[in-house]
Every structure is written in C-alpha cells, then in structure tokens.
Amino acid sequence: MHSLRRQWPLWLALAWGLAVLWAAGPEIPAAVPPVLQDWWNRLVPIIFPSLLAAEILIQIAPKSDTWAAMLRAAASWPIVGAVRLCDRARIDGPTETIYSGLLWANLYNPFVFHRLSSGLMVDASLMAAAAIATRLQKQKSSLRWTNLFWPETFLKWRSAPLDAMNWATILLAELVLARTATLPHWHWIYLVLVDPLPRHHTNNLFTVWLLALNGLVMLVPLLVYAHRIGLSWIHIVRDRLLQSSLATLLYFLALLFLAQLRPISFHIIHHL
C-alpha cells in the first residue's frame, strides 16, 4: 500500500492520459493522418539528424551534464534534455545544480518553428531568463565548460541513431495525444496547453509563455519522473513559472526593439 501511495503521480498521469484518449476517441481517426504527415514530412527530417549530431558531439565534447542537456534540447525539444539530465541525477543522486540545469535545458530546436527567427528569439529569451532566474534564486550554476577531448574508446555510433529515433517516436506519441484531444467547452485552451511544438506564429505572447512553460504532455511526465528520483516537483514548477514569465517579458521587449529597428533598417537598405 505504501508503494502505491508513493506512485500516485504516475497513477494520476495514467488516469489523465486515459481521460484524454476517451475524450478524443471520436476525433482520432480523422486527426491522426495529418499529424503523421506533419511529423514524417517536416519534423523527422529536422529532429532526427539534429539529435543524431547532438548525441555524437556529446561523446567527444564537454563533459558537463548541463551542456549536454542544452545541446539535446536545442536539437529537439525541452523534455529530451531534461529527462537525460534527470537520468544522470538518478545515477549520481539529486543535487542542487540539477534545478539550474533544468532551466538551461528548456530550449527548442529553432527549425521546428514555422519562422526560424521566432525560434531563435524564443531560445534566446529562454536562455536569458534562465540566467536571470538562477541569479535571482541564488542557485548554484551548473553551466560549466570543460576542455574538448577525444574519447579513448570508440564512439557509440549505433546507439546515437537509435536514441534519436526513439525520441522522434516519443514526439509522435506526444503530438498524437496533443492534437487529437478534444474536451467539451475547453477545446482551444486544452490544445494550446498540451501541444508540445508550435504550429502557428509565436507573436502571441500567451503562446510564448506556454512554450516556455512546456505543454502538459512534456511537463507532466517530467514532474512524475523527477518525483520518482527524489527531486522536488514543486521546485521545478516554480522554476518553470519564473522562467516562462521572464522569457515572455524579454520576448515582448525584443519585439518592441525590433519594431523600432525595422524602419531604420528599411531606410538604410533603400539608400544602399
């Protein structure tokens, strides 16, 4: 009975997933084909080679776990870097630096956005927000750079593509769950909250805030896993809320700054 009580986040996530599938049942046959097409034609050609390159580079690049998590997230989406960082914490034990590492690993592959400039702005805002959040909370920074090295053993060429494809398949499951779910009266709110990757332009600040916070299909599994390995899920949620609010503010300021520069740049180009 005690073990069942300890696993309550897992059971809650399972019940939530079953409720989603039950509510989305009538919509699944019509909604899955477009998701499959978008995933295979657009996302896999972006995510798979990016993750493959990241996994190979991590084997010959810095040994910092935070840098590795950032690289994996920037090649894909936030949960990839976060979960692999938690894997390390599960082996070595939870530390204070894991929380700052999760802030730095909250990044997206900018090429999955419909506009590359939007993706780059979101990532830049998230990184700046991570730096501010760690400073405000006086967290011990885990962002350390170490010297490059060439491993004495052979690179794990086989495991890198398998890992990349596994995560690409997980992305498909998240997309199917997110884009086929329909709850009465909450349809638009629900789809925005659970969609792990943006389908529209991110000039809407609410969309930027939700991307920084992560969709429920990313955030809930991360919180469950973190709870199981002894991390504070409340701490992670608090950090995510702080980072998402700061990132949205920075994104808004960046839009204002770019709006002021646009007429000047047009004037300069026109007179070249």
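Here the structure is a predicted model, which means the values were calculated and not measured.

### Quick notes on the overall build of the chain
- Scanning the chain from N- to C-terminus turns up twelve helices and zero strands.
- Going from the N terminus to the C terminus, the chain shows its helices and strands as α-α-α-α-α-α-α-α-α-α-α-α.
- When each of the 272 residues of the chain is scored for burial, the buried share is 44%.

### A short note on the side chain of Gln243
- Relative to the helices and strands, Gln243 is located in helix α12 (residues 233-270).
- When its relative accessible area of 0% is taken as the criterion, Gln243 is described as buried.
- The contacts of Gln243, once residues within four sequence positions are left out, are Leu103, Asn106, Leu126, Ala129 and Ala130.

### Some remarks on the environment of Ala105
- Following the sequence through the fold, Ala105 ends up in the loop between α6 (97-104) and α7 (116-136).
- As for Ala105 and Ala74, which are separated by 31 residues in sequence, their C-alpha atoms are 7.9 Å apart.
- Excluding residues within four positions of it along the chain, Ala105 makes contact with Ala69, Met70, Ala73, Pro78, Gly81 and Ala82.

### Some details on the packing of helix α5 (residues 78-92) against helix α11 (residues 216-228)
- Their axes nearest at 10 Å, the elements α5 and α11 cross at an angle of 0 degrees. If you check the angle between α5 and α11, you find them roughly parallel. In contact with Pro78, Ile79, Ala82, Val83, Cys86, Asp87 and Arg90 of α5, α11 contributes Met218, Pro221, Leu222 and Tyr225.
- Residue classes in the contact of α5 with α11 are distributed as nine nonpolar, no polar and two charged.

### What about empty space enclosed by the protein?
- Applying the stated criterion across every chain, the model contains one cavity of 30 Å³ or more.
- Space inside the largest cavity adds up to approximately 30 Å³.
- The wall of the largest cavity is formed by Tyr99, Leu102, Leu103, Ile236, Asp239 and Arg240.
- Put simply, the parts of the chain that give the lining of the largest cavity at least two residues each are α6 and α12.
- Per-class residue counts for the lining of the largest cavity are four nonpolar, no polar and two charged.

### So, the confidence of the model for the chain
- Predicted confidence across the chain gives a mean pLDDT of 79, with 71% of residues reaching 70 or more.
- For residues 147-153, every residue scores under 50 in pLDDT, and the model assigns this stretch eleven contacts once sequence neighbours within four places are set aside.
- Contacts for the low-pLDDT stretch residues 265-272, under 50 throughout, to residues beyond four places or in other chains number zero contacts.

### Regarding the packing of aromatic side chains
- In total, this model carries four aromatic pairs according to the counting rule given.
- Between Tyr108 and Phe113, the aromatic rings sit 6.1 Å apart at their centres with planes inclined by 85 degrees, giving edge-to-face as the arrangement. Each member of the pair, Tyr108 as well as Phe113, carries the same accessibility label: buried.
- Ring geometry for Phe206 and Trp209: centres 6.3 Å apart, planes at 15 degrees, overall stacked. Remark: Trp209 and Phe206 occur in helix α10 (residues 205-213); sequence separation between them is three residues, near one turn of the helix.
- Phe206 gets classed as partly exposed once you look at its relative accessible area, which sits at 43%.

### Re the packing of α6 against α7
- Contact pair α6 / α7: the axes reach a minimum separation of 8 Å and the direction vectors enclose 155 degrees. One element, α6, and the other, α7, form an angle in the roughly antiparallel class. Residue-level contacts link Ser100, Leu103 and Trp104 of α6 to Met127, Ala130, Ala131, Ala133 and Thr134 of α7.
- Class assignment for the residues of the contact of α6 with α7 results in six nonpolar, two polar and no charged.

### A look at the environment of His235
- Within the secondary structure layout, His235 lies in helix α12.
- Taking relative accessible area as the criterion, His235 reaches 14% and is therefore assigned buried.

### Some thoughts on the pattern of salt bridges
- Evaluation of the coordinates by the stated rule reveals six salt bridges.
- The shortest N-O distance in the salt bridge between Asp38 and Arg42 comes to 3.1 Å. Of this pair, Asp38 and Arg42 are both found in helix α3 (residues 28-60), four residues apart, which corresponds to roughly one turn of the helix.
- Residue Arg72 pairs with Glu55 through a salt bridge whose shortest N-O separation is 2.8 Å. Placement of the pair is Arg72 in helix α4 (residues 65-74) and Glu55 in helix α3, with a sequence separation of 17 residues.
- What you see here is one network of salt bridges that share partners, running through Glu55, Arg72, Arg84, Asp87 and Asp163.

Definitions and cut-offs
Residues numbered from 1 in each chain as written. Predicted model: local features only at pLDDT ≥ 70, side-chain atom pairs only at ≥ 80, totals over all residues. Heavy atoms only, no water. Helix = DSSP H or I, 4+ residues; strand = E, 2+ residues; numbered from the N terminus. Buried < 20%, exposed > 50% of the residue type's maximum accessible area, 1.4 Å probe, protein only. Contact = heavy atoms within 4.5 Å. Axes fitted to C-alpha atoms, helices over the stretch in contact; angles between N-to-C directions. Parallel < 35°, antiparallel > 145°, perpendicular 65-115°, else oblique. Nonpolar A, V, L, I, M, F, W, Y, C, P; charged D, E, K, R; others polar. 1 Å grid on protein atoms, 1.4 Å probe; cavity = no way out; pocket = protein on both sides within 12 Å on 5 of 7 lines; lining within 4 Å. Points joined across faces, edges and corners; volume = space filled by probe spheres on them. pLDDT = per-residue confidence, 0-100. Phe/Tyr/Trp six-rings, centres within 6.5 Å; stacked < 30°, edge-to-face > 60°. Salt bridge = Lys/Arg side-chain N within 4 Å of Asp/Glu carboxyl O.

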